[in-house]
Amino acid sequence: QTGAITLTGSSSDGEVTLKYTTSGFSAPTGFHVMAASSTSVDLSTSIKTMYFPQPHASTAIFQDLEIGQTYYFRVCSNNEGACEISSNVLSLTVQ
């Protein structure tokens, strides 16, 4: 499947809010939203992962992250528990 996921986000009050949109495809089995401590972000390296079964792009909020620490985030479409199409990697420092 081809298409794109665009990930944007911001941090305030110790939370990271991520927004992701898709173009050119649908994800009938949802999305994985991942946080990692390095730029290599995938299901095996993430320190926190959320799964959203909804097929529509959405918003994810990460809490309980260390303030002042930089994290790297990525979203991917779910395909039988694995990533199919992945977003850009977004770097954010928790404020």
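For the structure given in this document, a descriptive report is provided here. Only a predicted model underlies this, so the values are computations on that prediction, with no experimental measurement involved.

## Let's talk about the environment of G24
Part 1: With respect to the helices and strands, the residue G24 is situated in the loop between β2 (15–23) and β3 (31–36).
Part 2: Spatially, the C-alpha atoms of G24 and N88 are 16 Å apart, while their sequence positions differ by 64 residues.

## Side note on the packing of aromatic side chains
Part 1: Using the criterion set out here, one finds three aromatic pairs in the structure.
Part 2: Between F62 and F73, the aromatic rings sit 5.4 Å apart at their centres with planes inclined by 50°, giving tilted as the arrangement. In this pair, F62 sits in strand β5 (residues 59–62) while F73 sits in strand β6 (residues 70–79), placing the two residues eleven residues apart along the sequence.
Part 3: Judged by relative accessible area, which is 2%, F62 ranks as buried.
Part 4: Note on F73: relative accessible area 0%, which makes it buried.

## What about unusual backbone geometry?
Part 1: Positive phi values are uncommon outside glycine, yet D13 reaches one of about 55°.
Part 2: Looking at the element boundaries, D13 is found in the loop between β1 (4–12) and β2.
Part 3: Given the relative accessible area of 77%, D13 is considered exposed.
Part 4: In the Ramachandran plot, E80 falls in the positive-phi region, its phi being about 55° despite a non-glycine side chain.
Part 5: Mapped onto the elements of the fold, E80 is located in the loop between β6 and β7 (82–86).
Part 6: Judged by relative accessible area, which is 79%, E80 ranks as exposed.

## Brief notes about the nonpolar core
Part 1: V16, L18, Y20, V33, F62 and F73 are the most contacted members of the largest nonpolar core, which has 21 residues in total.
Part 2: Residue assignment for this core shows that the elements contributing at least two residues are β1, β2, β3, β5, β6 and β8 (90–93).
Part 3: Residue contacts for F62: discarding those within four places in its chain leaves G14, E15, V16, L18, V33, M34, A35, K48, M50 and F73.
Part 4: With five residues, the next largest nonpolar core counts A36, V41, Y72 and C76 among its residues.

## Focus on the sheet that holds β1
Part 1: Read from one edge to the other, the open sheet built from three strands follows the order β1-β2-β5, with strand pairing classed as antiparallel. Every interior strand has two partners, whereas the edge strands, β1 and β5, have only one. When the angles between neighbouring strand axes are averaged without regard to direction, this sheet yields 20°.
Part 2: One ladder, built from four bridges, connects β2 with β5; its direction is antiparallel. Residue T17 lies in a different strand from β5, and its bridge partner there is I61.

Definitions and cut-offs
- Residues numbered from 1 in each chain as written.
- Predicted model: local features only at pLDDT ≥ 70, side-chain atom pairs only at ≥ 80, totals over all residues.
- Heavy atoms only, no water.
- Helix = DSSP H or I, 4+ residues; strand = E, 2+ residues; numbered from the N terminus.
- Phe/Tyr/Trp six-rings, centres within 6.5 Å; stacked < 30°, edge-to-face > 60°.
- Buried < 20%, exposed > 50% of the residue type's maximum accessible area, 1.4 Å probe, protein only.
- Core = buried A, V, L, I, M, F, W, Y, C linked by side-chain atoms within 4.5 Å.
- Contact = heavy atoms within 4.5 Å.
- Pairing = 2+ DSSP bridges.
- Axes fitted to C-alpha atoms, helices over the stretch in contact; angles between N-to-C directions.

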